[in-house]
Amino acid sequence: MVSLARSSVSHIVRVQEVCAETQGEGVVSLAERSDGVDAPPYIPLKTVFIVDPLTRHRGDLAEALRGQYEVEEFADAPALKERLRALRPSLILVDEATPPDGGGAVVQRLRESQATHSIPIVGMTRSGGSRFVSLLHEAELGILIKPATLHTLYDAVTHAICKSVEDEWQTLEENQRLALTQTIAVFRDLPDQIMNGEPIEYVSIRESCAPIVTAVCNNQFSDLLNGVKGHDNYSYVHSVRVAILLAHFGRELGLPRDDLLTLGTGGVLHDLGKVAIPHYVLNKPGRLTPEEWVVMRSHVDRSIELLDCIEHLPRGVMTIAAQHHEKLDGTGYPHGLKGSELNELARMAAIVDVFGALTDQRIYKPPHAPDAALDMMREMGPNHLDQHLLTLFRSMLLDTASVVQAL
Ligand SMILES: [Fe+2]
Ligand SMILES: [Fe+2]
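Please read all numbers here as calculations on a predicted model, not as lab measurements. Chains are numbered independently. Their residues run from 1 in the order of the written sequence. For this description, chains carry letters from A and ligands carry numbers from 1, given in the order in which they are written. Only residues with pLDDT of at least 70 get local features here, since the model is predicted, and only at 80 or more are side-chain atom pairs given and counted; chain-wide, interface and lining totals rely on the full set of residues. As a rule here, side-chain values cover all heavy atoms of the structure and leave hydrogens and water aside.

Participant: Tell me about the overall build of the chain, and name the residues and values.
Facilitator: Think of it this way: any DSSP run of H or I at least four residues long counts as a helix, any run of E at least two long counts as a strand, and we number them from the N terminus. The helix and strand tally for the chain stands at 20 helices and 5 strands. Within the chain, buried positions represent 54% of all 407 residues. Within the chain, residue pairs in contact and separated by at least 24 positions form 66% of the contacts whose partners lie at least 6 positions apart. About 18,100 Å² of surface is accessible on the chain, with carbon and sulfur atoms providing 52% of the total. Throughout this description, buried means an accessible area under 20% of the type-specific maximum (1.4 Å probe, protein chains only), exposed means over 50%, and partly exposed covers the range between. By definition, residues are in contact when any of their heavy atoms lie within 4.5 Å. Method for areas: the Shrake-Rupley scheme with a 1.4 Å probe, in which residue coverage is limited to the protein chains shown.

And the structure:
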């Protein structure tokens, strides 16, 4: 438990940090704010190896990925092989022209070796029709056509790293596996479906969240919380954690299963609008500029627009998405709603979202321990979060050891 006995100066700084962090989706670095200097990331970054004979290409890729990942560069296969004896990276980017035998030979050796066969690989090529590409397709590996845009590069890297985490979900008990595989499918498909004008059935989204509610009702959701750790899609990780905690909160308040499904679905969809926020803003390691803050905050309006396209969406799901950044004193966004304008659902969503942001692990801030996060939320005072609900939420979490351990 964090001690509340602090000097008045450190207390004020701490509360300001919490407010800035939660307002900005946890985007401002605590380390950066504490001394005004960009500090190294708090948690170890995932390591990406780049194997490419062309120094400039390697350098461009490394430059684009540094900050998000620890990057190491290799000019040929022997140099890669030597380094793999000491370190297992989270991903290897292999160029088709890698000496001495080409990228295909590198990929084959990596896949055949017991030590390296499960490392995600993305092959890089200038041509979409080569034998190298066929090999990548057959092995279900990532492909990056050069020259690649930043967006395409991030997509390929993130997808490959996520896939390795998702493959491990197959070992989970059925309900837990379904909870994660069905929600990630919704998370991936929904924006495309909306952009393509395809009809979205709320019932199917809701059903994808049913295993989360089942897990919550059976007090068996620590595997879910552990299962999403290490996934490279932060928005998904955050949304699933919010869904689990919202459903758990609702169950604690005695709500029926139907309402728990609305809470779980609302949690999964509450930040849907972040699909429209550029990667460099969502994952920026340092301080956001005023313009970037505006872009970040626009995710709520984008969520409302996207959810508006879904027929028969319960009002509760929309409320969670539209009001989770509002504050009781009217200083929240997007509409500055205050007091009685915020119903119980909006107040619950705000509490869970702040708690999620504080306990989430990001590359630029530590994941606060649950009890420390709860202390920080209480220090934020009565103008932001509903104090009665916060007390109930706090009791619920501190009474559920399995949640606290898994967070
Ligand atoms: Fe949000
Ligand atoms: Fe959120």
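Participant: Can you break down the coordination of the iron ion (ligand 2) residue by residue, with the values?
Facilitator: Each pair of donors in an ideal octahedron of six around a metal sits at 90 or 180 degrees, and each pair in an ideal tetrahedron of four sits at 109.5 degrees. Coordination of the iron ion (ligand 2) by the protein involves His238 (NE2), His270 (NE2), Asp271 (OD) and Asp353 (OD), with metal-donor separations of 2.1 to 2.3 Å. Donor atoms: N, O and S within 2.8 Å of the metal, or within 3.2 Å for Na, K and Ca. Because water is excluded, sites can look incomplete. Square planar and octahedral sites, with four and six donors, are those where opposite donors lie more than 155 degrees apart and all other angles lie between 65 and 115, tetrahedral sites have four donors with every angle between 85 and 135 degrees, and the rest are irregular. Taken together, the 4 donor atoms surrounding the iron ion (ligand 2) define angles of 80 to 169° at the centre, an arrangement classified as irregular. For the iron ion (ligand 2), the donor residues sit on a single chain with the sequence spacing H-x31-H-D-x81-D. The two metals, the iron ion (ligand 2) and the iron ion (ligand 1), are separated by 3.5 Å and share Asp271 as a common coordinating residue. On the basis of relative accessibility, which here comes to 1%, the residue His270 falls in the buried class. Given a relative accessible area of 2%, Asp271 falls into the buried group.

Participant: Describe the nonpolar core, and please don't skip the residues or the numbers.
Facilitator: For soluble globular proteins, the rule of thumb is that nonpolar side chains tend to be buried together. Grouped together as the largest cluster of nonpolar side chains are 67 residues, with contacts concentrated most on Leu190, Phe355, Met377 and Phe393. Here the element with the most residues in this core is helix H11 (residues 234-252); it accounts for 10 residues. For Phe393, the residues in contact, after removing those within four places along its chain, are Phe249, Ile351, Val352, Phe355 and Leu374. Each nonpolar core is a collection of buried residues, namely Ala, Val, Leu, Ile, Met, Phe, Trp, Tyr and Cys, held together in the definition by side-chain atoms within 4.5 Å.

Participant: Give me the pairing of strand E1 (residues 47-51): which residues, what numbers.
Facilitator: The buried count for E1 comes to 5 of 5 residues, which makes it a mostly enclosed element. Any two strands with at least two DSSP bridges between them are considered paired. Strand direction decides the pairing type here: E1 and strand E2 (residues 70-74), joined by 5 bridges, are parallel. Residue Thr47 lies in a different strand from E2, and its bridge partner there is Glu70. When the strands point away from the viewer, a crossover counts as right-handed if the path from the first strand over the helix to the second runs clockwise. One crossover worth recording links E1 to the parallel E2 by way of helix H3 (residues 55-65), and it is right-handed.

Participant: Help me get a handle on the environment of Leu397, residues and values and all.
Facilitator: Following the sequence through the fold, Leu397 ends up in helix H19 (residues 387-399). Taking C-alpha positions, Leu397 is 9.2 Å from Leu374, a pair spaced 23 residues apart along the chain.

Participant: Could you give an account of the environment of Thr400, naming the residues involved and the relevant values?
Facilitator: Structurally, Thr400 is set in the loop between H19 and helix H20 (401-406). Here Thr400 falls in the buried class, since its relative accessible area comes to 14%. Separated by 181 residues in the primary sequence, Thr400 and Asn219 place their C-alpha atoms 8.9 Å from one another.

Participant: An account of helix H7 (residues 150-169) is needed here, citing residue identities and associated values.
Facilitator: With 20 residues, H7 extends 29 Å from end C-alpha to end C-alpha; this agrees with the ideal 28 Å at 1.5 Å per step. Looking at H7, one finds that the buried residues are Leu153, Tyr154, Ala156, Val157, Thr158, Ala160, Ile161, Cys162, Val165, Glu166 and Trp169. Expected helix span is taken as 1.5 Å per residue step, with the number of steps being one fewer than the number of residues.

Participant: How would you sum up helix H9 (residues 202-217)? Please name residues and give values.
Facilitator: Between its first and last C-alpha atoms H9 spans 22 Å; for 16 residues at 1.5 Å apiece the expected length is 22 Å, and the two agree. Note that bend, as reported per residue, equals the angle between axes fitted to the 7 residues terminating at that residue and the 7 residues originating from it. The sharpest bend along H9 comes to roughly 35°, located at Cys209, with the proline Pro211 sitting one to four residues further on. Elements in contact with the buried residues of H9: helix H8 (174-195), helix H10 (222-227), H11, helix H12 (257-269) and helix H16 (315-323). Immediately beyond the C-terminal end of H9, within one or two residues, lies Asn219, with a positive phi of roughly 55°.

Participant: I'd like a rundown of the sheet that holds strand E4 (residues 121-125), residues and numbers included.
Facilitator: Pairing between sheet strands relies on hydrogen bonds along the backbone, with the strands arranged either parallel or antiparallel. If you walk across this open sheet you meet the 5 strands as E2-E1-E3-E4-E5, and the pairing is parallel. Sheet topology places E2 and strand E5 (142-145) at the edges, where each strand pairs with a single neighbour. Each strand of the sheet is rotated relative to its neighbour by a mean of 20°, with strand direction disregarded. In this structure, E1 lies alongside strand E3 (residues 91-95), joined through 4 bridges in parallel fashion. Across the sheet, the residue bridging to Val48 is Leu91, located in E3. Lines fitted to the C-alpha atoms define the axes, with helices restricted to the stretch that makes contact. Angles between their N-to-C directions range from 0 to 180 degrees. Helix H6 (residues 131-138) contacts E3, E4 and E5 of the sheet and is inclined by roughly 160° relative to E4.

Participant: Tell me about the pairing of E3, and name the residues and values.
Facilitator: The buried fraction of E3 is high, at 5 of 5 residues. Of the two faces of E3, both are covered, the one formed by Leu91, Leu93 and Asp95 as well as the one formed by Ile92 and Val94. Viewed along the sheet, the connection from E3 through helix H5 (residues 103-112) into E4 turns out right-handed.

Participant: I'd like a description of the environment of Leu282, backed by residues and values.
Facilitator: Along the chain, Leu282 falls in helix H13 (residues 279-282). When the C-alpha atoms of Leu282 and Tyr234 are compared, they prove to be 9.0 Å apart, with 48 residues separating the residues in sequence.

Participant: Tell me about the pattern of salt bridges, residues and numbers included.
Facilitator: Any Lys or Arg side-chain nitrogen found within 4 Å of a carboxyl oxygen on Asp or Glu counts as a salt bridge. Counted under the stated rule, the structure contains 17 salt bridges. The salt bridge involving Glu73 is made with Arg58; its shortest N-O contact spans 3.4 Å. Placement of the pair is Glu73 in strand E2 and Arg58 in helix H3, with a sequence separation of 15 residues. Of the charged contacts in the structure, one is a salt bridge between Asp375 and Arg378, with a shortest N-O distance of 3.9 Å. Of this pair, Asp375 and Arg378 both sit in helix H18 (residues 370-379), separated by 3 residues, roughly a single helical turn. In this structure Asp375 comes out as buried when scored by relative accessible area, which is 1%.

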